[in-house]
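Summary of the model geometry
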Amino acid sequence: MTIEALRRRRPQTLAELLDSHGREIQAVAWLILRDRAAAEDIAIETLLTAFEKGGSIRDEAAVRPWLLRVATNKALAARRRDARVSAIDLIADRAAPGDFAADSTGAIALLAGVDELPPAMRAAVVLRYYSDLSVEQVAAALGKSPNTIKAQLQTALDRLRRSLTDPAAPTAAEARHA
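Because the structure is a prediction, the values reported are computed rather than measured. (Residues numbered from 1 in each chain as written. Predicted model: local features only at pLDDT ≥ 70, side-chain atom pairs only at ≥ 80, totals over all residues. Heavy atoms only, no water.)

**A short note on the environment of Thr72**
In plain terms, the rule: A run of DSSP states H or I qualifies as a helix once it reaches four residues; a run of E qualifies as a strand once it reaches two. Both are numbered from the N-terminal end. Only heavy atoms matter for contacts: two residues are in contact if any of them lie within 4.5 Å across the pair.
Along the chain, the position of Thr72 falls in helix α4 (residues 63-82). Placed 26 residues apart in sequence, Thr72 and Thr46 show a C-alpha to C-alpha distance of 9.3 Å. Those residues in contact with Thr72, other than ones at most four positions away along the chain, are Val28, Ile32, Ala123, Leu127 and Leu142.

So, in structure tokens, the structure goes:
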């Protein structure tokens, strides 16, 4: 897929973007939102945004990080919109087939730990460790400094380590307030 195809707005460009980046975009959105249908919507919206605005990208290597940034921003915006609505879970969310080893107790515990992270921190973790973006790319995607992202990632990893070793242990903030 070339940037030239985006500039020319050829319809088959959407199919090419979907083939090359669709699963990852949807997975990033799902990991942030934990809602499969909403993640599918975010993937579609991201591809449409790429079709409309992607022609302004100058470097072929910038397409993937740009798509992930668009998807992350859309997912975080959807999460903020939905934060005002209280959801009643009748059936627990399950990992999408083929995305993770859903039968693994460790994977389930890890997903539960990631789910407990604040949305912005969760987005940083997903982009860094799932999508394998550099700290600088994550910072650019989230509009924050690399140092802020490093601090968020360190805090997130500390929380995840604690939740995987002893879920009942209080966090450092809880211990200070006790």
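**What to know about the side chain of Gln152**
Of note, Gln152 is situated in helix α8 (residues 146-165). Filtering out sequence-adjacent residues up to four positions away, Gln152 remains in contact with Ala120, Met121, Ala124 and Lys144.

**A closer look at the environment of Asp115**
Secondary-structure assignment places Asp115 in helix α5 (residues 105-115). Distance from Asp115 to Leu33, taken between C-alpha atoms, is 8.8 Å for residues 82 residues apart in sequence.

**A few points about the confidence of the model for the chain**
Selection rule: pLDDT expresses how confident the predictor is about each individual residue, on a scale running from 0 to 100.
In the predicted model, the chain carries a mean pLDDT of 81, and the fraction of residues at 70 or more is 79%. Across residues 86-95 the pLDDT falls below 50, and counting only partners more than four positions away or on other chains, this stretch makes six contacts in the model. Throughout residues 99-103 the model reports pLDDT below 50, and contacts reaching past four residues in sequence, or to other chains, amount to nine contacts.

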